[in-house]
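Chains, contacts and geometry: an overview
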Amino acid sequence: MKKCIVLFLLTVAIACYGQFDPQIGQYIYMPTAFNPAAAGEGDLMKVSGLHRMQFTGFKNMPMTTYFGFQSPFVIGKTKHGAGVRFMNDMYGLFTNQTLHVEYAYRQPIGKGYLSVGVDLGFVSVGFKGDSVNLDDLKGSSYHQSNDEAIPSGAESGMNFDMAVGVYYVANTWYAGLSYSHVTMPAIEWGDYSTIHLRGTMYAVGGYNWRLRDKRFVLKPSAMLMTDFVSWDLNLTAMCEYKDKYRWGLGYRIGSNVAILLGIDIISGLTLGYTYELPTTKMLLESYGSHEIYLAYGFNILKPKRTNRYKSIRYL
């Protein structure tokens, strides 16, 4: 609880800046979580969800839930994608929620296609002021028990949010670049605190390398996430067997190592799991982080079609 109070004191009564978006280990499966240009990728409609429990063992540990629906569609001879995504993020006494509608235009270029996308929506940030415990700060010369900057009840604010991105997919590789919080929304809590969300850039890329034994495919990938003040680099190496079973390792620079597992349960239904172990002193306090992913691809417009979901990640 003391850590939560310290974090709050760093953000109230001043204009606060910092990297806002949560980390996810299975970024290769949910590209629309950070790049709207990936909306409608592949041939089928897709419903997907991800739940992350970070630093298990801590009270009020961070938990993040994503939910999304995307679909490709055609207008005349042009290809498009659209979708909606929702995120619920909780860390300590803070909460943030986002809801965005996504659109992408797909243009064939070379041996692949280039997508340009945008999403529009809202972001809400809240604080559970009624759960603040000031007993640990009694006797401190830096705090008063009647400090008006600390809410006595629940506080929340909302503002318009926007993201843009580009995404290129070829036969064996993909790459994307996106920027979230383009409008740098300001979230106000009463008269004492304002949170300014700094824009975050994402750069992602991956390659599919089918081995001499055609049953195996190596899939290295990387994602850079930065708000130009701090940065986060995630490296992942996956192996796929018979286009159904997947396993691999991940490394977030200076943060953790990860084990990733995945399986296509039935045609179109995919399950993924990630376990992350801290490489810092956090290891002494936490049991690690868990992340589970579930997605289903389907096509209600052409029910007779039975082939699997086609994506650069599911070849």
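Located above this text is the structure these notes cover.
Scope of this entry: the structure provided in the associated data block. What you see is a predicted model, and the numbers here were worked out from it, not measured in a lab.

Regarding empty space enclosed by the protein
Under the counting rule described, the total for this entry stands at 5 cavities of 30 Å³ or more. Together, 21 residues line the largest cavity, and D21, A33, Y66, R85 and Y202 are the ones closest to its centre. Counting only elements with at least two residues in the lining of the largest cavity, the list comes to β4 (78–91), β5 (94–109), β7 (154–169) and β13 (216–226). For the lining of the largest cavity, the leading source of residues is β7, giving 3 residues. Looking at the lining of the largest cavity, its residues break down into 12 nonpolar, 5 polar and 4 charged.

Considerations on the nonpolar core
The biggest cluster of nonpolar side chains holds 25 residues, and the ones touching the most others in it are Y27, F34, Y66, Y167 and V204. Those elements that place two or more of their residues in this core are β7, β11 (200–207), β13, β16 (256–266) and β18 (289–298). Counting 10 residues, the second-largest nonpolar core is a separate cluster that includes F20, F94, V123 and L197.

Observations regarding the packing of aromatic side chains
A complete count under the given rule lists 10 aromatic pairs for this structure. These aromatic residues form a ring-pair network of at least three members: Y91, F94 and F127.

What to know about the pairing of β7
With 16 bridges joining them, strand β6 (residues 112–128) and β7 adopt antiparallel strand pairing. Looking at β7, one finds that L114 is bridged to Y168. As defined by bridge partners, β7 adjoins strand β8 (residues 173–180) across 6 bridges and the pair is classed as antiparallel. For V164, the partnering residue across the bridge sits in β8 and is Y179. Here β7 hands over to β8 after 3 residues, the two strands then running antiparallel side by side.

The rules we used
- Throughout this document, residue positions are counted from 1 along each chain, in the order its sequence is written.
- In keeping with the model being predicted, local features are shown solely for residues with a pLDDT of at least 70 and side-chain atom pairs are shown and tallied solely at 80 or more, while totals for entire chains, interfaces and linings include all residues.
- Computation of side-chain values: all heavy atoms of the structure, hydrogens and water removed.
- Grid spacing is 1 Å over the protein atoms alone, the probe is 1.4 Å, and a cavity is where that probe fits but cannot get out, while a pocket is an open set with protein on both sides within 12 Å along at least five of seven lines and lining residues have an atom within 4 Å of a point.
- Grid points are joined across faces, edges and corners, and a volume is the space filled by probe spheres set on the points.
- To qualify as a helix, a DSSP run of H or I must reach at least 4 residues; to qualify as a strand, a run of E must reach at least 2; elements of each kind are numbered from the N terminus.
- Here the term charged refers only to Asp, Glu, Lys and Arg, the term nonpolar to Ala, Val, Leu, Ile, Met, Phe, Trp, Tyr, Cys and Pro, and the term polar to all other amino acids, Gly among them.
- Note on terminology: a nonpolar core comprises buried Ala, Val, Leu, Ile, Met, Phe, Trp, Tyr and Cys residues joined through side-chain atoms within 4.5 Å.
- In this scheme, a residue with accessible area under 20% of its type's maximum is buried, one over 50% is exposed, and one in between is partly exposed, where area comes from a 1.4 Å probe on protein chains only.
- Centres within 6.5 Å are what make two rings of Phe, Tyr or Trp a pair, Trp counting through its six-membered ring; a difference in plane orientation under 30 degrees is then read as stacked, over 60 as edge-to-face, and the rest as tilted.
- We call two strands paired when DSSP finds no fewer than two bridges between them.

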